[in-house]
Amino acid sequence: MTLSVTPIYAALMALLFVVLAANVIRLRRAHRVSLGAGKVDALDRAIRAHGNYSEYVPFALLLMAFYEVAGASAVEIHVYGLLLLVGRVAHATAIIKKRSRLPLRVIGMALTFSVLISCALRLLFQSL
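The rules we used
Residues numbered from 1 in each chain as written. Predicted model: local features only at pLDDT ≥ 70, side-chain atom pairs only at ≥ 80, totals over all residues. Heavy atoms only, no water. Helix = DSSP H or I, 4+ residues; strand = E, 2+ residues; numbered from the N terminus. Buried < 20%, exposed > 50% of the residue type's maximum accessible area, 1.4 Å probe, protein only. Areas by Shrake-Rupley, 256 points an atom, 1.4 Å probe, with all protein chains shown as cover. Lys, Arg positive; Asp, Glu negative; His and termini not counted. Charge placed at Lys NZ, Arg CZ, Asp CG, Glu CD. Expected span 1.5 Å × (residues − 1). Core = buried A, V, L, I, M, F, W, Y, C linked by side-chain atoms within 4.5 Å. Contact = heavy atoms within 4.5 Å. Phe/Tyr/Trp six-rings, centres within 6.5 Å; stacked < 30°, edge-to-face > 60°. Salt bridge = Lys/Arg side-chain N within 4 Å of Asp/Glu carboxyl O.

**Q** Go over the overall build of the chain, please, and point to the residues and values.
**A** Assigned secondary structure in the chain consists of four helices and zero strands. Element order for the chain, N to C, with α for helix and β for strand: α-α-α-α. C-alpha extents for the chain along the principal axes are approximately 50 × 30 × 20 Å. When each of the 128 residues of the chain is scored for burial, the buried share is 40%. Carbon and sulfur atoms provide 70% of the accessible area of the chain, an area that totals close to 7,500 Å². The positive charge centre, built from 14 side chains, and the negative charge centre, built from 5, are 13 Å apart in the chain.

Now the structure itself:
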């Protein structure tokens, strides 16, 4: 079986990764901070949004790819991909915004965890 759906989401997630990185770069330039956050709240939030994204997305995409190769339907992988994409956008938006957006952040993590846990459990059950 070949990968036909997961690469779509990998590409979309890569584009969002670049957007988050560009936001960090923009704020570093604006505040003349080359390393760390320099006590700039907006830069600290941008760094964490980018960092959190980079911590979760690769692992989720890897699990999706394994599950797709293991025979998951295209519809199922699209559902996981959309949940992951929406979750990561929600979470990044919640962290970047100055005013607390805790509900949006919780939704983002819940969607991300649902993809990670569901794919992991399905792979385990298929493998055993």
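**Q** Please give an account of helix α2 (residues 41–69) that cites residues and values.
**A** For α2, built from 29 residues, the straight-helix expectation of 42 Å at 1.5 Å per residue is met to within 8% by its first-to-last C-alpha distance of 42 Å. Gly71 sits one or two residues past α2 and shows a positive phi near 115°.

**Q** Describe in detail the nonpolar core, supporting the description with residues and values.
**A** One finds Met13, Leu61, Met64, Ile77, Tyr80, Leu84 and Val115 to be the most contacted residues of the largest nonpolar core, which totals 24 residues. Those elements that place two or more of their residues in this core are α1 (6–31), α2, α3 (74–96) and α4 (102–127). A total of eight residues in this core trace back to one element, the largest contributor, which is α2. Residues in contact with Met64, not counting those within four places in the same chain, are Thr6, Tyr9, Ile77, Tyr80, Gly81, Leu84, Val115 and Cys119. Val24, Val33, Ala37 and Ala46 belong to the second-largest nonpolar core, a separate cluster that totals seven residues.

**Q** Explain the packing of aromatic side chains to me, using residue names and the numbers behind them.
**A** To describe a pair of aromatic rings, one takes the distance between the centres and the angle between the planes. Going through the model one piece at a time under the given rule, you end up with three aromatic pairs. Judged by centre distance (6.2 Å) and plane angle (55°), the ring pair of Tyr67 and Tyr80 falls under tilted. Of this pair, Tyr67 sits in helix α2 while Tyr80 sits in helix α3, placing them 13 residues apart in sequence. Accessibility assignment for this pair places Tyr67 and Tyr80 in one class, buried.

**Q** If you had to explain the environment of Ala46 to someone new, which residues and values would you point to?
**A** For Ala46, the location among the structural elements is in helix α2. The sequence separation of Ala46 and Leu61 amounts to 15 residues, and the corresponding C-alpha distance is 22 Å. Those residues in contact with Ala46, other than ones at most four positions away along the chain, are Asn23, Val24, Leu27 and Ile96.

**Q** Which residues make up the pattern of salt bridges, and what are the values?
**A** Tallied over the full model, the rule gives four salt bridges. With a shortest N-O distance of 3.4 Å, Arg48 and Glu55 are connected by a salt bridge. Its relative accessible area of 38% is what places Arg48 among the partly exposed residues. Look at Glu55 and you get partly exposed, because its relative accessible area is 48%. Salt-bridge contacts for Glu76 lead to Arg122; the nearest nitrogen and oxygen are separated by 3.2 Å. Of the two residues, Glu76 is situated in helix α3 and Arg122 in helix α4; the sequence distance between them amounts to 46 residues. A relative accessible area of 38% means that Arg122 is categorised as partly exposed. Overlapping salt bridges, with partners in common, bring together Asp41, Arg45 and Lys98 in one network.

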